[in-house]
Amino acid sequence: MSESGVQQLIAEIAESFGGRIDEYLARYADPVVIAGPDSTLALDHEAASGMFDQMRSHLREQGLDRTEVRAASVTMLGADMALANVSLDRLRSDGSLLESVQAAYLCRRRAGRWLVVALAPYSPLVAPSVDE
């Protein structure tokens, strides 16, 4: 049952990335912790909102329509903690692949609800500049 709750959380993260950023961030604990290959950030939801909105806007300029979970492997670390290794595909409206991303999500159940407490992308989580 707990593993299915984490799988549902990951599905909601993928789906909500295309919608309002506050709905996307509602699935994250505060602060939003991002442990990237080059640095670790702990951002309040307002700062995280700006960062994710910029990244999503850049992806939309490249044709982003939606994000889908390609694969998600969940390892329960206790009754209320899990690690999800996830592969996501960012797709254009015609279904063609814009990019594939991989990340690990450390999840905790708080007050009966699963939340991401740390995101660890396998590559830097930075929106490329418009000049690239």
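See above for the structure.
Residues numbered from 1 in each chain as written. Predicted model: local features only at pLDDT ≥ 70, side-chain atom pairs only at ≥ 80, totals over all residues. Heavy atoms only, no water.

### Some remarks on the overall build of the protein
- Helix and strand counts for the protein come out as three helices and six strands.
- Sequence-ordered secondary structure for the protein, helices as α and strands as β, is α-α-β-β-α-β-β-β-β.
- On C-alpha atoms alone, the protein measures out to a radius of gyration of 14 Å, which is about the 14 Å that the 2.2 N^0.38 rule sets for 132 residues.
- Across its three principal axes, the protein shows a C-alpha extent of roughly 45 × 30 × 25 Å. (Helix = DSSP H or I, 4+ residues; strand = E, 2+ residues; numbered from the N terminus. Rg over C-alpha atoms; globule rule 2.2 N^0.38 Å.)

### What to know about the pairing of strand 5 (residues 97–110)
- The sheet contact formed by strand 4 (residues 81–91) and strand 5 spans 11 bridges and is antiparallel. Across the sheet, residue Asp 89 finds its bridge partner in strand 5, namely Ser 100.
- In this structure, the hairpin formed by strand 4 and strand 5 is closed by a connection of five residues, where Gly 95 is found at a positive phi of approximately 90°.
- Relative to strand 6 (residues 113–121), strand 5 is paired through eight bridges, and the arrangement is antiparallel. Following the sheet pairing, Cys 107 is matched in strand 6 by Val 116.
- Hairpin geometry of strand 5 and strand 6 is characterised by an intervening segment of two residues between the two adjacent antiparallel strands and by a positive phi of about 50° at Ala 111. (Pairing = 2+ DSSP bridges.)

### Topic: the environment of Arg 113
- Here Arg 113 is to be found in strand 6.
- On a C-alpha basis, the gap between Arg 113 and Met 55 in space is 27 Å, while along the polypeptide they are 58 residues apart.
- Those residues in contact with Arg 113, other than ones at most four positions away along the chain, are Ala 26, Arg 27 and Arg 108.
- Within the structure, the side chain of Arg 113 is placed 2.6 Å from the backbone oxygen of Ala 26, a separation counted as a polar contact. (Contact = heavy atoms within 4.5 Å. Polar contact = N/O pair within 3.5 Å; in protein donor to acceptor, adjacent residues only side chain to side chain.)

### What to know about helix 1 (residues 2–16)
- Spanning 15 residues, helix 1 covers 21 Å between terminal C-alpha atoms, matching the ideal 21 Å at 1.5 Å per step.
- Among all positions of helix 1, only Ser 2, Val 6, Leu 9, Ile 10, Ile 13, Ala 14 and Ser 16 are buried.
- Contacts made by the buried residues of helix 1 are with helix 2 (21–25), strand 3 (66–78), strand 4, strand 5 and strand 6. (Expected span 1.5 Å × (residues − 1). Buried < 20%, exposed > 50% of the residue type's maximum accessible area, 1.4 Å probe, protein only.)

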